[in-house]
Amino acid sequence: MAKMQLDKATFLLDRYSLMMRCIEDFETHSADLQKAIVEGEAARRISQDDMHADKTANAVILMDKQRWIYSEYKLVTMHIARAIGLVMDDDARKILDHRYLRGKTVKEVLLFFSGSMSKSTVERKMREGKSAVASTLKQWEILDRPWDLYS
């Protein structure tokens with residue numbers, strides 16, 4: 001597994017919880033968000049270079065951007081969850097599930113699994129699991145997508 005691919009996968013895994021919160025927020029509050037965009041200053045000018053603003057058109061552009069972000073987050077989170085579910089090693093899969101899908105800190109993961117595994121074993125299984133997830137995401141061409149949106 002190339003380091004760059006592993007780094008990209010880790011980048012996406014680390015942002016999984018945030019992306020899920022954004023998805024839930026958009027699904028719950030998209031009408032309020034659209035209203036705020038239309039009524040707010042955000043729609044006045046998309047660019048500082050604009051001499052005047054077409055508030056309605058700009059509001060549509062901003063809402064489309066929000067929908068695009070939502071759809072990108074849905075896509076990547078679905079693939080991350082599927083890739084974790086496909087990890088062959090049961091312990092590694094459980095560790096990744098606890099760490100990323102449930103949004104626990106590394107410390108919480110180490111404490112949770114401390115009764116059944118040593119710290120070094122948990123860390124090794126996490127590395128192996130992340131490598132398996134990175135490989136799966138690479139095969140699905142998820143790592144080849146431009147994820148500069150999330151940086």
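Bear in mind the structure is a predicted one, so any value in this text is a computation, not a measurement.

Draft legend 1. Broad picture of the overall build of the protein chain. Broken down by element type, the protein chain carries six helices and zero strands. Each helix and strand of the protein chain, placed in order from N terminus to C terminus, yields the pattern α-α-α-α-α-α. Within the protein chain, the fraction of its 151 residues that count as buried is 31%. Taking as baseline every contact in the protein chain between residues at least 6 positions apart, the subset at least 24 positions apart corresponds to 66%. Accessible surface for the protein chain amounts to roughly 9400 Å². Of this, 52% is attributable to carbon and sulfur atoms.

Draft legend 2. Seen up close, the nonpolar core. Judged by nonpolar contacts, the single largest core of 28 residues is most densely connected at I80, I84, I95, L96, V122, V133 and L137. Going through the elements one at a time, α1 (3-14), α2 (16-39), α3 (55-85), α4 (90-101), α5 (106-113) and α6 (119-139) are the ones with two or more residues in this core. The greatest single-element share of this core, amounting to six residues, is contributed by α3. Apart from the residues within four sequence positions on either side, L96 is in contact with I84, V87, L101, M126, G129, K130 and V133.

Draft legend 3. Quick peek at α5. For α5, the full list of buried residues reads V109, L110 and F113. Buried residues along α5 cover an arc of 100 degrees about the axis, so they all sit on one side. Of the exposed residues in α5, the ones pointing more than 90 degrees away from its buried face are K107, L111 and F112. Packed against the buried residues of α5 are α4 and α6.

Draft legend 4. Focus on the packing of α4 against α5. Axis separation between α4 and α5 bottoms out at 9 Å; the angle between their running directions is 140 degrees. By the angle between their directions, the pair α4 and α5 is classed as oblique. For α4 against α5, the interelement crossing comes out right-handed. Seen from α4, the contacting residues are K94, I95, H98 and R99; seen from α5, they are V106, V109, F112 and F113. Considering only residue class, the contact of α4 with α5 consists of five nonpolar, one polar and two charged.

Draft legend 5. Representation of unusual backbone geometry within the structure. We note that E141 has phi near 65 degrees; this positive angle belongs to a residue other than glycine. Here E141 shows up in the segment after α6.

Draft legend 6. Structural detail: α6. Its 21 residues place the ends of α6 30 Å apart at the C-alpha level, agreeing with the 30 Å of an ideal helix rising 1.5 Å per residue. Within α6, the full set of buried residues consists of V122, K125, M126, G129, K130, V133, A134, T136 and L137. A positive phi of about 65 degrees marks E141, the residue just after α6.

Draft legend 7. How the structure looks around the environment of L110. Inspection of the secondary structure puts L110 in helix α5. Sequence separation of L110 and T121 is eleven residues, and the distance between their C-alpha atoms is 9.7 Å. Setting aside anything within four residues of it in sequence, one finds L110 in contact with K119, V122 and E123.

Draft legend 8. Quick peek at the pattern of salt bridges. All chains considered together, the criterion is met by ten salt bridges. As a salt-bridge pair, D14 and R99 come within 3.9 Å of each other at their nearest N and O atoms. Of this pair, D14 sits in helix α1 while R99 sits in helix α4, and the two are 85 residues apart along the sequence. Its relative accessible area of 19% is what places R99 among the buried residues. Here E72 and R145 are joined by a salt bridge, their closest N and O atoms 2.8 Å apart. One end of the pair, E72, is in helix α3; the other, R145, is in the segment after α6, with 73 residues separating them in the sequence.

Rules used throughout
Residues numbered from 1 in each chain as written. Predicted model: local features only at pLDDT ≥ 70, side-chain atom pairs only at ≥ 80, totals over all residues. Heavy atoms only, no water. Helix = DSSP H or I, 4+ residues; strand = E, 2+ residues; numbered from the N terminus. Buried < 20%, exposed > 50% of the residue type's maximum accessible area, 1.4 Å probe, protein only. Contact = heavy atoms within 4.5 Å. Areas by Shrake-Rupley, 256 points an atom, 1.4 Å probe, with all protein chains shown as cover. Core = buried A, V, L, I, M, F, W, Y, C linked by side-chain atoms within 4.5 Å. Arc of directions from axis to C-beta. Axes fitted to C-alpha atoms, helices over the stretch in contact; angles between N-to-C directions. Parallel < 35°, antiparallel > 145°, perpendicular 65-115°, else oblique. Left-handed = near helix turned anticlockwise from the far one by under 90°. Nonpolar A, V, L, I, M, F, W, Y, C, P; charged D, E, K, R; others polar. Expected span 1.5 Å × (residues − 1). Salt bridge = Lys/Arg side-chain N within 4 Å of Asp/Glu carboxyl O.

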